[in-house]
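# Overview (structure and organization)
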Amino acid sequence: MSPAPESKQDRRPPYQHAADELRRDILQGRIKPGEQMPSIRELQERFGVANMTARSALNVLRDEGLIYTIHGRGSFVADHSAGGELSGNYTAPAWYLANKGESPGRAGQGEEPDDSEAAEGVGTTLAEVLTALRDEIRVLSADHQELRREVEELKAAGHSKS
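These numbers were taken from a predicted model, which means no experiment stands behind them.

Thresholds, definitions, all that
Residues numbered from 1 in each chain as written. Predicted model: local features only at pLDDT ≥ 70, side-chain atom pairs only at ≥ 80, totals over all residues. Heavy atoms only, no water. Core = buried A, V, L, I, M, F, W, Y, C linked by side-chain atoms within 4.5 Å. Buried < 20%, exposed > 50% of the residue type's maximum accessible area, 1.4 Å probe, protein only. Helix = DSSP H or I, 4+ residues; strand = E, 2+ residues; numbered from the N terminus. Contact = heavy atoms within 4.5 Å. Axes fitted to C-alpha atoms, helices over the stretch in contact; angles between N-to-C directions. Parallel < 35°, antiparallel > 145°, perpendicular 65-115°, else oblique. Nonpolar A, V, L, I, M, F, W, Y, C, P; charged D, E, K, R; others polar. Pairing = 2+ DSSP bridges.

## Re the nonpolar core
Formed by 18 residues in total, the largest nonpolar core has its most connected members in Leu 22, Ile 26, Met 37, Leu 58, Leu 61 and Ile 67. Take this core: its biggest share by element is five residues, from helix 3 (residues 51-63). The contact partners of Met 37, leaving out residues within four places of it in the chain, are Leu 22, Ile 26, Ile 31, Leu 58, Leu 61, Ile 67, Ser 75, Phe 76 and Val 77.

## What about the packing of helix 2 (residues 40-47) against helix 3?
For the pair helix 2 and helix 3, the least separation of the axes is 9 Å and the interaxial angle reads 105 degrees. Here helix 3 runs roughly perpendicular to helix 2, going by the angle between their axes. Contacts between helix 2 and helix 3 involve Ile 40, Leu 43 and Gln 44 from the first element and Asn 51, Ala 54, Arg 55 and Leu 58 from the second. Here the residues of the contact of helix 2 with helix 3 are counted per class, giving four nonpolar, two polar and one charged.

## Remarks on the pairing of strand 1 (residues 67-70)
Remark: a regular strand shows side chains that alternate across the two faces of the sheet. Judged from the four bridges that link them, strand 1 and strand 2 (residues 74-77) form a sheet pairing that is antiparallel. Paired with Ile 67 across the strands is Val 77, a residue of strand 2. Hairpin remark: strand 1 followed by strand 2, antiparallel, with three residues in the connecting loop; positive phi at Gly 72, about 85 degrees.

Just distances and angles here, no functional claims.
Below you can see the structure in the form of C-alpha cells.
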C-alpha cells in the first residue's frame, strides 16, 4: 500500500514520502499535539515500507521538531502552539516546500510565490532556524550539565550515608 508518488519525476526516497504525509497530518490537525504517533509497525503497514524506512520518516519529523520520542513509549506530536520554538511559525524544510511550490512560512496555505520571493524566504528562514537551534542546544546543554551535577551530588550523598 505504498503511497503513489505525486509525479513520476519525484525520485525522493520512500521515507520522505511517508514523512510528507505524516507532516501533513500533523499540520492539518489530524494528529494533534500530545497525541501518540502511529507505531513503527502501523507505519510499515500504512506506507508499505520496511522498518528502517518507517523509522527514517519519524527521524525526519523529529529533526524538524514536529515530534519527540520517549524511549520505550513511542513518538508524540510536539506542542508547537504553546510557546515552543515552532510556536505558530513552523516552516517546512526547503526541499519539501520546493516540491509543493510554496514559500517558507506559507506551508499548507497553497499560495504560489514568485521565484525571487521563494529564494529570499528560504535563506532568511534557514538562518532563523539555525539560530533558534543553536540557542536551543545551548539551553539543553546547560540543563544537561545541571542534571549531571545533581546526579553527582546525589551519588556523593548516597556514598557518605553508607
